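Okay, here's what each chain looks like letter by letter:
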Amino acid sequence: MGLTGFYDKRQIQNSCISLLPETLSPMLTFNTFMCLHITVEQPPAIITRTSGPIIALPFDNTITIRCKARGNPPPEYRWTKDGEEFVPPYIMTDHTDGTFVLHNKHLVTFQGKYRCYASNKLGTSMTEEIELRVPSVPKFPKEFNVPIVVKEGEPITLECNPPEGVAPRQIYWMSIGLKHIEQDERVSMGADGNLYFSNALQKDSRQDYCCFVAFTKIRTIVQKTAMAVVVTNLKHGNESADGAKAPSVRIPGLLLPSGVQTEKVLLMGENLQLECIPQGYPTPTITWMKMGDKLPLRTQFLNFGKLLSISSVDESDGGKYMCKAQNSAGEAVHYIDVIVEDRPKWETGPPQGQLTVIGTDVQIKCSVSGKPTPDITWRRNGELFSGDKRVFDDTVVLHNAQAEDSAIYQCEASNRHGSVLANINIMVMNMAPRILTIDFQEYAVVVGRDIVINCSVFGSPPPTISWAKDETLEPIGGERFFSLNGSLQIISAEKNDSGKYVCVASNKEGKSAVTAVLDVKGISFAQMIPFSNVSVCFARLGVEEHYFFLHSFICTEHLMLYVFCVSDVPDAPRNVEISEMKSPRNVHLSWIPGSDHNSSVTEFIVEYEESQWEPGRWKELQKVPGNQATAELALQGYLNYQFRVYAVNVVGPGPPSEPTERYKTPPVAPERNPENIKIQGHRPHQMDISWEALLPIEHNGPGLEYKVSYRKLGVEDVWKEHLVKRQSFDVKNTSTYVPYEIKIQSRNSHGWGPDPKVVTGYSGEDVPTAAPRDIAVEVINTTVLRVSWTPAPPATVRGHLGGYDVHWLRKRSWLNPNKILDERRSLSFPGKRTHAIVPGLEPFSEYRLTVNVFNKKGNGPNSDPVTFNTPEGVPEQVPILTASNAQRDSILLVWGPPLEKNGVLTGYLLQHHLINETTLEVVDSQETNITGADTTQWQLHGLEEGSLYRFHLRACTGAGCGPPMVQESSTVNPARDGNWLVSEAVNASRSFHVIDGLKPGTVYTVRLMTKRLLDNASIFEGVIQTRVKGERRTTVYNFSTQGWFIGTLCAVALLTLVVLMACFVRKQRGGKYAVKEKEDLHPDVESQRMNDDTFCEYSDSEEKPLKGSSLCSLTGDDALGDSVSRDSMVDYADSEGEFNEDGSFIGEYSARTHGGSVSEPRTFTLRPY
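From a predicted model like this one, the values you see are computed outputs, not experimental measurements.

Thresholds, definitions, all that
- Counting starts from 1 at the beginning of each chain's written sequence and moves along it residue by residue.
- Local features in a predicted model are, by the rule used here, given only for residues with pLDDT of at least 70; side-chain atom pairs are given and counted only at 80 or more, and totals for whole chains, interfaces and linings are based on all residues.
- Remark: hydrogens and water are excluded; side-chain values derive from all non-hydrogen atoms of the structure.
- Only runs of H or I of at least four residues qualify as helices and only runs of E of at least two qualify as strands under DSSP, and these elements are numbered from the N terminus.
- For the exposure calls, accessible area comes from a 1.4 Å probe over protein chains only, and a residue counts as buried if that area is under 20% of its type's maximum, exposed if over 50%, partly exposed in between.
- The contact criterion used throughout is that any non-hydrogen atoms of two residues lie within 4.5 Å.
- For the area figures, the Shrake-Rupley method with a 1.4 Å probe applies, and any residue is considered shielded solely by the protein chains shown.
- Here, nonpolar core refers to any group of buried Ala, Val, Leu, Ile, Met, Phe, Trp, Tyr and Cys residues whose side-chain atoms link them within 4.5 Å.
- Strand pairing requires that DSSP identify at least two bridges connecting the strands.

### Quick notes on the overall build of the chain
Phase 1: The helix and strand tally for the chain stands at six helices and 93 strands.
Phase 2: Going through the 1169 residues of the chain one by one, you find that 45% of them count as buried.
Phase 3: The long-range share in the chain, meaning contacts at least 24 apart out of those at least 6 apart in sequence, stands at 67%.
Phase 4: For the chain, the exposed surface amounts to about 59,200 Å²; the carbon and sulfur share of it is 51%.

This is how it looks when you write it as structure tokens:
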């Protein structure tokens, strides 16, 4: 209302200014210009502002916050920061607006939320809040990371805790050498940046797990202090992985997220990412599902199936999702409630400005949607007036508006996701018409073409516009003349249409007029142009330099007739008329088709525009076949329609017809009720009802409201009713999780909509109040039990039953009953059930167990605890078994007790099998029950001489015997039998030991024993041979050459004398001797390399690794030991063997079975052959 007319900007010859702000009435043409000689006051309108949030980067020298408004008089500016008045420190001098600049030096002190106000005497406009964020430089805190020690099969979480910074942020896990940590189904990085191991393996041990965080926008990478992980082997002694057994099977659990159920809230249009990272061995697999629905087609599974991603979510993507982690030991589930919310947005666009006459009622409606429902704040010229009696929630009503009510009103709708703001210019005034089009504007058109003569008018009340020609008072009429928003449109201009046209605008405040001059020009034909043997005539227009083809023409040259047909889109239909049918909301539309331009019309499209809700926007209403020129239209009530029609052929759609006159339908009751009713309970004593509102054009009349009716299902007969204008309603003080019947009916000031459908929903949930009863435990075996219960009464669940949690506490092991344990575990079992199977218990232990029920809101109380005991189990395998002290008919077996006895140890079961060394088959088997629980060694007698035996040893409890430990050994061949001699104790601080009194040329078996290790167990055994006096090199002997060697010695008489002298010297020397004395006796190098006292050196520390074999045999006969490889002294002398300072050879050995240093006194035992 107020301003009518239309004109082209190109017609303005002078510098012009905009008349009114863009927020004025939809009836106004907001790009209207007026010449400078007309002075119009203009309220301020924000035209440029900085959008927030502003992120201040470290390398930004300055931050500019802009605010510019249009207005007359020019606006003045002021700013607020966090709601307080703020004076900018530096205003840009080259601008006349409110823009200011902040310098980087003290930028952090200016962090906050800013708002700009632009004011002149007509009102104040304001901006939305502009947030300035000054992020700190990201860095990790200094910290010392203790190595993380876990057992094989256990989960690991390496926390990154990345610092906050400027997005985007990228996280990487790498080594110090910048090699990426390999990720797979077992090892992966979570969305939180942590590195998760579903189960640990030996190969995960390393010292340099590093988290790197890259902030690309500020070109910064920060690194967390390296973390160390140590994975211990399950076998005794932490041996290498080559001999390690696989980790124990572990039931699945979830490292991320924690608990049974979580909630995920995100905005509509964002990407949904749900993550479940499992633990357990074998590595569990993850599966996803949506409860009660299928996953959408755009679902993607990333990060080895652990991450579910759905792009651009909408409301239908909300609901309950479940992830399941599963392996051979069981499964674990987690529920995720996805809630899709939305930031505030305009339902039908922001409220428009209005120009109205003094004394009328003005209604400003702020129609917004969002989830949660936005809160609406009203301001007048930037000042709050929420307590004013004229404010009705989302509407402001100005009764009997006066000139002083003219102002700029602000509507701001906000929820936790954002806000929208509209500046609404309300002008209440009476003003005589003012024509903005310049006087005596000239127009030119070619005969047969259309022309629009502009007349832009401003006034209040809205002026009435009429047209006359040549200054007569007769109004212009005829089928070729139409009024178009105040302007004059002439169809198919004729030569006699040239002349002066007068536009007269009038209202009760006065009258104004302007003159326009029209010149209609004819067509002049030009010469022929030959083209492909066809002569084509063309016309040159008298106005603009362009050409068009005539549909048919005659060329006089050569006296021939040529017809050149060109297809084009159809012309606009003419004479579109409306006639009523049975009711005012059913009309008959008819028209006269235009030229089809050599291509038949395929269809007509009827469009409509209504002035109340979306003025100026044309929408398709109906399609009509091309051979039909009428349409029957069903219309909505309480709308001011106008219609137009355009034709379509194979070339394309043609131009639309001229709009019909306005046709206003009478108001009627709504024809339908809201749909998609949703009932949710976000709080225990509240029920949130929302629905899909009617479209504005479906209101059918003023005062649309919704009647919300509800009652308890099956309990109440009377409906409780509320009338609301929004599309949501919250029922307060409801009982917890009670079913309700809900119906919603639309109504307006002319009646009710149809009877609504009844839907059923539940009020809000709360945590359960009662625990399951009658808890019973049935122990199935030593590690598994069956627990059963009587469910809690449904009324006490107070929500949708999620399932049951079973918690158990290991209080003590009966092997050590005085030690109180506190080992807690739990499992969740979804759905309605009365029993569950609980695995993973420890044998021979006392447990306490409780059960609770859970729903969406949380866990209920625990049941009364039940105490139970698990029975004894069979022991684990003994950690070590050695066979030593082999004799002709006996072998000594030494072992360690099992690490996990799982009960009271009653003894051991020893089986020994005689093995055929050729076929490796069992020849004979015998079994021995060892009843002493503390027994750790056993001497087996009655064995066959020189035979191979395989020993199976099992630890036993009252529940049976555990898995066997296997060892093989051989009894001694009689040909090599001898008596064992024992030396004095070995000095553990030295790296060698000398044994005197041995016979030259004799083969000895040497054993090193210790009391500290498993009672007289041999930690080294080797075979040596003393040499004959005077030999330079030691000869390798075996049984096949020994006789030849003795004969040779006997044949050489001179050597006999040398041997006697050597024996005499040895007897005189006796006992231990000093290294210095040896050097004096053997000054030459060759003598130092060869000495009679050649024994094996041993290492008493793991830090001195052995360089040669663990044995120093000089015979070369592999059969001399218990299936042990032996090296000759010749081999040591020729290779890397070492000799002591006294010239004796120091052989090296290491413990084959046990790691660690030997600190107890050692004893050498020797047996000659």
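### What to know about the nonpolar core
Phase 1: Counting residues in each nonpolar core, the largest one holds 23 residues, and the members touching the most others are Leu158, Trp173, Leu195, Tyr209 and Val213.
Phase 2: It is strand S19 (residues 206–215) that contributes the most residues to this core, four residues altogether.
Phase 3: Apart from residues lying up to four places away in sequence, leucine 195 is in contact with Ile156, Thr157, Leu158, Trp173, Ile181, Gln183, Val187, Ser188, Met189 and Tyr209.

### Thoughts on the pairing of strand S13 (residues 130–133)
Phase 1: Burial along S13 is one-sided: the residues Ile130 and Leu132 are buried and none of Glu131 and Arg133 is.
Phase 2: Pairing between strand S5 (residues 54–55) and S13: two bridges, direction parallel. Across the sheet, the residue bridging to isoleucine 54 is leucine 132, located in S13.
Phase 3: Alignment of strand S11 (residues 112–120) against S13, held across three bridges, turns out to be antiparallel. By the bridge assignment for S13, lysine 113 is matched with glutamate 131.

### Quick notes on the sheet that holds strand S39 (residues 418–428)
Phase 1: Across the sheet, five strands lie side by side as S31-S39-S38-S34-S35; this open sheet has mixed pairing. Single-partner strands in this sheet number two, and they are strand S31 (354–356) and strand S35 (383–384).

### Section: unusual backbone geometry
Phase 1: The omega torsion of the bond from tyrosine 281 to proline 282 falls at -5°, within 30 degrees of zero and hence cis.
Phase 2: Checked against the element boundaries, proline 282 lands in the loop between strand S25 (277–281) and strand S26 (285–290).
Phase 3: With an omega of 0°, the peptide bond running from lysine 371 to proline 372 counts as cis.
Phase 4: Considering the arrangement of structural elements, one finds proline 372 in the loop between strand S33 (368–371) and strand S34 (375–380).
Phase 5: Phi is positive for asparagine 902, close to 60°, though the residue is something other than glycine.
Phase 6: A positive phi angle, near 60°, is found at leucine 920, a position not held by glycine.

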